[in-house]
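Structure at a glance
In case you want the letters, here they are:
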Amino acid sequence: MRRAEVLRALAGFVATAVMAAGCGSAGGSGDKGGGGKGASAPGVTATTVTIGSHQPLTGPAAPGYSANSAASKAYFDYLNANGGIHGRKIVLKVADDVYNPTQTVDVVHRLVLQDKVFAVFNGLGTPTHTKVLDYLNAQRVPDLFVASGCGCWDQPGKNPYTFGWQPDYTREGKIFGQYIKNRFAGKKVAYFYQNDDFGQDGLKGLAKYVPASQVVSRQSYQPGTTDVGAQALAIAQSKADVVVLLTIPTYTALFRLASLKLNYKPQFMVSNVGSDPITLSGLLESFAKRGGTSLKGSPLIQGMISDIYLPAPGDESNSWIRLYKKIHAKYIPNLPFNGNIVYGMSAAYTFAQALQAAGPAPTRKGLVDALERSKLTGPGLVPFAYSKGSHAGYIGAQIGRIDGDSVTVEGGPLTTDAGDGPIQAAPAAQPQAPANGVPTG
């Protein structure tokens, strides 16, 4: 199957790949169970734990991202086949919000009030998830591992039930900024960014290392708009040597095509969330075809600088990649094995770790407490920040360049904070995957 065809098939696959399950509670918020055997909280029965997620199975963020929940479900299927957690299977209900905040509100309310999920897991998007943040905390529903690097997820005093997962965009921006300072001193720099907390947080991090005098153009976009020609022209006319893209995959591809038409060839730096090579290649080919042009996408992205915080999909020597490829081959072989698959399975593994730590009679508050007290390790190249004082996720990343269909890393993994703290080498090596792929206490 060609890449473009695979991308178009993702939404249909995920929409049908959602498991149905009984619910252990007829109650509302909090930790009150429904009285069924083994029920310790809404969504928990003697044999299952039901969780929910809002995802862009269709719409502007679907290319690439619609594979995330399919990968998470594949890991949960594998986990369930190997005994689950404390004897319970994890059931994932996925609702399509089309990357539209209004629809996010509707589907999350349904997951909580009708499906009575135990937790919301890996809800995707900054503009979307911010619309349900307060609601989930008011309902005391664990809001775990939001699929966005917004620093707003790390507010344990205000939103005690919400946890980030991936590195926040300010940390990523700092690491990018230091790289620009060291490698492109004195060069003209331009920014193309999503005009919300995603882009704004990234700019804050960049500003800590890149002087304002070096930045010659700042251009933004709103999700849903597909014409970025004016922004690309403005940046090209600025003659920037380096263009930083704080973009989701669709807009990385759209900007790259617009710059191609202008014969503009800067050094691109692309946020991790918008730089998966296989996804980008497929998008470039698909968009070009719609415009009546045939091209190969891969050559257009070679040498782009990005960052990773999970093992690179092409690293066959990595124990996590070997585990994920085994799961991929059995449960979702028709999807391309790329960074989105690694992301979805890694987030699912972290949820399994948290549920394991919450004990055999999990409650919603107990799940939050377990995350705050447990020093979780896992697939990441850097540690988590989780504690009572921090609900941020991974605390850094490693710079790399797109090379073929993967990313070749440079230097070592780096860690930092979201403030003015230094950027340092990661304190420990990445742990090995457990032999059977199942977290233990």
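Here we summarise the structure given alongside this text. (Residues numbered from 1 in each chain as written. Predicted model: local features only at pLDDT ≥ 70, side-chain atom pairs only at ≥ 80, totals over all residues. Heavy atoms only, no water.)

Side note on the pairing of strand E8 (residues 242-246)
- In terms of residue burial, E8 counts as a mostly covered element, since five of its five residues are buried.
- Side chains of E8 alternate between two faces, with Val242, Val244 and Leu246 and Val243 and Leu245 buried alike.
- By the bridge criterion, five bridges tie strand E6 (residues 189-194) to E8 in an arrangement that is parallel. Bridging from a neighbouring strand, Phe192 pairs with Leu245 of E8.
- Where E8 lies against strand E9 (residues 267-270), four bridges are found, and the strand directions are parallel. Following the sheet pairing, Leu245 is matched in E9 by Val270.
- Running through helix H9 (residues 249-261), the crossover from E8 to the neighbouring parallel element E9 is right-handed. (Buried < 20%, exposed > 50% of the residue type's maximum accessible area, 1.4 Å probe, protein only. Helix = DSSP H or I, 4+ residues; strand = E, 2+ residues; numbered from the N terminus. Pairing = 2+ DSSP bridges. Right-handed = clockwise from strand over helix to strand, strands pointing away.)

Considerations on the layout of surface pockets
- For the second largest pocket, the calculated volume is near 260 Å³.
- Together, 17 residues line the second largest pocket, and Leu376, Thr377, Val382, Pro383 and Phe384 are the ones closest to its centre.
- A class-by-class count of the residues in the lining of the second largest pocket yields 11 nonpolar, five polar and one charged. (1 Å grid on protein atoms, 1.4 Å probe; cavity = no way out; pocket = protein on both sides within 12 Å on 5 of 7 lines; lining within 4 Å. Points joined across faces, edges and corners; volume = space filled by probe spheres on them. Nonpolar A, V, L, I, M, F, W, Y, C, P; charged D, E, K, R; others polar.)

What about the environment of Gly123?
- By the secondary structure assignment, Gly123 is in the loop between strand E3 (119-121) and helix H4 (126-129).
- Sequence separation between Gly123 and Val409 is 286 residues; the distance between their C-alpha atoms is 28 Å.
- What Gly123 contacts, discounting residues up to four positions off in sequence, is Ser53, His54, Gln55, His129, Val146 and Ala147. (Contact = heavy atoms within 4.5 Å.)

Describing the side chain of Asn159
- Within the fold, Asn159 resides in the loop between strand E4 (143-146) and strand E5 (162-164).
- When sequence neighbours within four positions are dropped, the list of residues in contact with Asn159 reads Leu133, Asp134, Asn137, Cys152 and His391.

Quick notes on the state of the cysteines
- One pass over the full model with this rule turns up one disulfide.
- Here Cys150 is linked by a disulfide to Cys152, with a sulfur-sulfur distance of 2.2 Å. Disulfide Cys150 to Cys152: torsion about the S-S bond roughly 135°, handedness right-handed. The same class applies to Cys150 as to Cys152, namely buried. (Disulfide = S-S within 2.5 Å.)

Re the nonpolar core
- Counting 120 residues, the largest nonpolar core has Tyr75, Phe76, Phe145, Trp165 and Phe351 as the members making the most contacts within it.
- With 11 residues, the single largest contributor to this core is helix H12 (residues 339-357).
- Each residue touching Phe76, except ones within four places of it in the same chain, is listed here: Ile51, Ile90, Leu92, Phe121, Ala348 and Phe351.
- Residues Ala95, Leu111, Val117 and Val141 belong to the second largest nonpolar core, which totals 11 residues. (Core = buried A, V, L, I, M, F, W, Y, C linked by side-chain atoms within 4.5 Å.)

Points about helix H8 (residues 229-238)
- Buried residues of H8: Gln231, Ala232, Ile235, Ala236 and Ser238, and no others. Down the axis of H8, the sector holding all buried residues measures 155°, keeping them to one side. Projecting away from the buried face of H8 at angles above 90 degrees are the exposed residues Ala230 and Gln237.
- In this fold, the buried residues of H8 make contact with E6, strand E7 (215-221), E8 and H9.
- Following H8 by one or two positions, Lys239 adopts a phi angle in the positive range, close to 60°. (Arc of directions from axis to C-beta.)

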